[in-house]
Amino acid sequence: MHPVFPQETLIPPKILFKKGGLADLAKEVPELGSQGLIVHGASFEKNGLKGKVENDFKNVGIFAEFFSRTHGEPTLEEIRAVIAQGRKVKIDWIAGIGGGSVLDLAKAAAGLFNAKETPAYYQEGGSLKEKGIPFIAIPTTAGSGSEASPNAVIINPEKRSKLSIRDKSFTAKKVILDPELLKGLPFEVMCHSGMDAWVQAYESFISKYASWFSESMALKAMQLISRHLVPALNAQRDEDLEGLMLGSFLSGVAFSHSRLGVIHGIAHPLGVLYDVPHGLICSICFTPSIKLNLEAIGNQKYALMSQAVGMDLLQKVHELQKTLKITSPFKGKPLAEKEKIIVETLASGSTAANPKPITRQDVEYILNEIF
Ligand SMILES: [Fe+2]
């Protein structure tokens, strides 16, 4: 029988979905402790949000340290740096206010805050015995779905690899979904992160570990993202930003309970070797993945996805890519380190969840399509 629920459900116990919800952060943190650390991206200061949060905190007697990060995806070294800063002032909680990279860094630092071993040890699969401190997630993109997931994707520069650190205790204690924070996002950031969320929902829906629970979340996410992504990019109206933010969160809930697929398997090595946004890599692998998995997906699941996005799925993906002018940045470039990409894709936990068992030839097929 098809599983109804996953083996274990991991959902943040408090989810606040509210326009202007960031202002509620000061009401939410006191029960977690009076001292915290906020990991944030560059726009947090630029948009004047840092000053507002500091002011709100002052009014309720909360002290917060700030850790600002600027570019790229988080590394093992950065986790150590956040933990070191937090230990100096004995913090009670860590909040992440930013895109997927900021949230993943804040999540890993909170989860490993009291860990005895180095972050690398846990990335290599070591088990975590010490309890971390609470993590609060406030996404400013829609998105990676990181606010809903118990894993953090971290780069190991020495090994030139990108792997998750995962523990169920990493799940955020509180999530604030404030669609207002999406306002003013650069077109490319909103486009790529929105496509990432859509691909995640798709991979979750077709995953061989899917359950009715994860499928429901994934299908709703696909419906919301396909309906609201283009209008949100064009006009940034409230209802579209709300739909996009909710769709991204549901995509995170879905894949946290089903894992992903070959697109995320191949996106990680490609993301480390080439300086190309994760969401863009996911977008260009979308069509090859659907074609590769067509038989394994089956008519019924394919029809449900087509229904959710309002037309034939392959046609919809094609149409959207045309509208958003998404093309492969790899076309015409030499394919470097093909063997490393193939080996890492085949070893990936995401690839293991792909409905069609993935072979070396399948990875070569995707690479041929995008290079
Ligand atoms: Fe992703």
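The structure presented is a predicted model; accordingly, all values stated were derived computationally and were not measured.

Peer 1: Which residues make up the coordination of the iron ion, and what values go with them?
Peer 2: Coordination of the iron ion by the protein involves Asp196 (OD), Gln200 (OE1), His264 (NE2) and His278 (NE2), with metal-donor separations of 2.1 to 2.3 Å. Coordination at the iron ion is irregular: its four donor atoms span angles of 84 to 158° at the metal. Expressed as a motif, the donor residue spacing for the iron ion is D-x3-Q-x63-H-x13-H. Here the residue Asp196 occupies a position in helix α7 (residues 187–206), and His278 occupies one in helix α11 (residues 278–309), the gap between them amounting to 82 residues. Each member of the pair, Asp196 together with His278, is buried.

Peer 1: Tell me what's going on with the packing of aromatic side chains, and back it up with residues and numbers.
Peer 2: All told, the structure shown has nine aromatic pairs when counted by the stated rule. Residues Trp198 and Phe286 carry aromatic rings whose centres are separated by 5.3 Å and whose planes lie at 85° to one another, so their mutual orientation is edge-to-face. Linking Trp198 in helix α7 with Phe286 in helix α11, this pair joins segments that are 88 residues apart in sequence. No difference in accessibility class separates Trp198 from Phe286, as the two residues are buried. Between Lys50 and the ring centre of Phe66, over which it is positioned, the NZ or CZ distance is 4.7 Å. If you follow Lys301 out to its NZ or CZ, it ends over the ring of Phe205, 4.7 Å from the centre.

Peer 1: Requested: an account of the sheet that holds strand β4 (residues 93–98), with residues and values cited.
Peer 2: Reading across the sheet, the six strands line up as β1-β8-β5-β4-β2-β3 and stay open at both edges, with parallel pairing between neighbours. The two strands at the open ends of the sheet, each matched to only one other strand, are β1 (14–17) and β3 (63–68). The sheet shows a mean angle of 15° between the axes of neighbouring strands, taken without regard to direction. Pairing of strand β2 (residues 35–40) with β3, which is carried by six bridges, proceeds in the parallel orientation. Bridge pairing links Val39 to Phe67 in β3. Against the sheet, helix α4 (residues 76–88) makes contact with β2, β3 and β4, and its axis sits at roughly 160° relative to β3, the strand it touches most.

Peer 1: Please set out the nonpolar core residue by residue, giving values where relevant.
Peer 2: Counting residues in each nonpolar core, the largest one holds 96 residues, and the members touching the most others are Ile79, Ile94, Trp198, Tyr202, Leu270 and Leu313. The element contributing the most residues to this core is α11, with twelve residues. When residues of this core are assigned to domains, at least three map to each of domain 1 (14–180) and domain 2 (186–370). If sequence neighbours within four positions are ignored, Ile94 has contacts with Leu37, Val39, Val82, Ala106, Ala109, Ala110, Phe113, Ile133, Pro134, Phe135 and Ile136. Ranked by size, the runner-up nonpolar core spans 21 residues in total, among them Ile38, Ile62, Ala95 and Ile176.

Peer 1: Help me get a handle on the pattern of salt bridges, residues and values and all.
Peer 2: Summed over all chains, the structure comprises 22 salt bridges. Note that Glu28 is salt-bridged to Lys174, the shortest N-O span being 2.7 Å. Of this pair, Glu28 sits in helix α1 (residues 25–28) while Lys174 sits in strand β8 (residues 174–177), and the two are 146 residues apart along the sequence. Each member of the pair Glu28 and Lys174 is classed as buried. In this structure, Asp104 engages Lys107 in a salt bridge whose closest nitrogen and oxygen atoms are separated by 3.9 Å. Residue Asp104 and its partner Lys107 are both found in helix α5 (residues 100–111); the two are separated by three residues, about one turn of the helix. Of the two residues examined, Asp104 and Lys107, each falls in the buried class. Residues joined in a network through salt bridges with shared partners are Lys14, Glu28, Glu31 and Lys174.

Reading guide: rules and limits
- Residues numbered from 1 in each chain as written.
- Predicted model: local features only at pLDDT ≥ 70, side-chain atom pairs only at ≥ 80, totals over all residues.
- Heavy atoms only, no water.
- Donors = N, O, S within 2.8 Å, 3.2 Å for Na, K, Ca; no water.
- Tetrahedral: all angles 85-135°; square planar, octahedral: opposite > 155°, others 65-115°.
- Helix = DSSP H or I, 4+ residues; strand = E, 2+ residues; numbered from the N terminus.
- Buried < 20%, exposed > 50% of the residue type's maximum accessible area, 1.4 Å probe, protein only.
- Phe/Tyr/Trp six-rings, centres within 6.5 Å; stacked < 30°, edge-to-face > 60°.
- Lys NZ or Arg CZ within 6 Å of the ring centre and 35° of its normal.
- Pairing = 2+ DSSP bridges.
- Axes fitted to C-alpha atoms, helices over the stretch in contact; angles between N-to-C directions.
- Contact = heavy atoms within 4.5 Å.
- Core = buried A, V, L, I, M, F, W, Y, C linked by side-chain atoms within 4.5 Å.
- Domains from an automatic or database assignment.
- Salt bridge = Lys/Arg side-chain N within 4 Å of Asp/Glu carboxyl O.

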